[in-house]
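Chain and residue survey
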Amino acid sequence: MKACSKALLTALINGVLAFALMLLVEFGVSGTLHITEPYLWAGLLVCLVVFVAQFLRQRHLCRACKH
């Protein structure tokens with residue numbers, strides 16, 4: 001459970017930062033803030049990938065501490 005909560009927090013932070021960076025680049029290129037569907041999907045994909053990677057990492061670290 002502890003591994004899941006840490007992984008979820010890390011994934012949400014990284015997803016929000018990735019989404020903010022995409023919006024910042026969009027504003028720099030076009031001069032306007034257009035929140036389009038691909039940006040939302042990309043942010044969710046970043047969250048998912050980071051969550052899976054962090055969950056596996058945290059689970060491995062938790063198991064290593066028990067031995």
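In short, a report on the structure. (Residues numbered from 1 in each chain as written. Predicted model: local features only at pLDDT ≥ 70, side-chain atom pairs only at ≥ 80, totals over all residues. Heavy atoms only, no water.)

1. Thoughts on the packing of aromatic side chains
Worth spelling out the cut-off: Ring geometry is summarised as follows: Phe, Tyr and Trp rings, the Trp one being its six-membered ring, pair when their centres sit within 6.5 Å, and such pairs are stacked at plane angles under 30 degrees, edge-to-face over 60 and tilted between the two. Secondary structure follows DSSP: runs of H or I at least 4 residues long count as helices, runs of E at least 2 residues long count as strands, and numbering of each begins at the N terminus. The rule is simple: take the accessible area with a 1.4 Å probe, protein chains only, and divide by the maximum for that residue type; under 20% is buried, over 50% is exposed, in between is partly exposed.
Applying the stated criterion to the full structure yields one aromatic pair. Taking the centre distance of 6.0 Å and the plane angle of 20° together, the rings of Phe51 and Phe55 count as stacked. With Phe51 and Phe55 both in helix H2 (residues 37–66) and four residues apart, this pair spans about one turn of that helix. The exposure class of Phe51 is partly exposed, given its relative accessible area of 24%. With a relative accessible area of 26%, Phe55 lands in the partly exposed category.

2. Observations concerning the environment of Leu61
Tracing the sequence through the fold places Leu61 in helix H2. In this structure the C-alpha to C-alpha distance between Leu61 and Ala7, which are 54 residues apart in sequence, comes to 12 Å.

3. Description of a nonpolar patch on the surface
Selection criterion: Put simply, a patch holds well-exposed residues, over 30% relative accessible area, that have no salt bridge, with like charges counted together within 9 Å and Val, Leu, Ile, Met, Phe, Trp or Tyr side chains within 5 Å. Per-residue accessibility takes into account occlusion by the displayed protein chains alone, with areas from the Shrake-Rupley method and a 1.4 Å probe. When a carboxyl oxygen of Asp or Glu is within 4 Å of a side-chain nitrogen of Lys or Arg, the pair counts as a salt bridge.
Side chains of Leu45, Leu48, Val49, Val52 and Leu56 sit close together on the surface and give an oily, nonpolar patch of about 450 Å² of accessible area. With respect to the helices and strands, the residue Val49 is situated in helix H2.

4. Let's talk about the side chain of Glu26
Counted only if it meets this: Within this scheme the basic residues Lys and Arg register as positive and the acidic residues Asp and Glu register as negative, but His and the chain ends are omitted. Pairs of N or O atoms within 3.5 Å make up the polar contacts considered here, provided that, within protein, one atom can donate a hydrogen while the other can accept it, and that residues adjacent in sequence are counted only when both atoms are side-chain atoms. Contacts: residue pairs with any heavy atoms within 4.5 Å of one another.
Here Glu26 lies in helix H1 (residues 2–30). Summary of buried charges: Glu26 has no salt-bridge partner, and the nearest side chain of opposite charge, Arg57, is 32 Å away. Only 2.5 Å separates the side chain of Glu26 from the side chain of Tyr39, close enough to count as a polar contact. Setting aside residues up to four positions removed in sequence, Glu26 forms contacts with Gly31, Thr32, His34 and Tyr39.

5. So, the environment of Val50
Relative to the assigned elements, Val50 resides in helix H2. Between the C-alpha atom of Val50 and that of Leu12, which follows or precedes it by 38 residues, the distance is 8.6 Å. Look past the residues within four positions of Val50 in its chain and what remains in contact with it is Thr10, Ala11 and Asn14.

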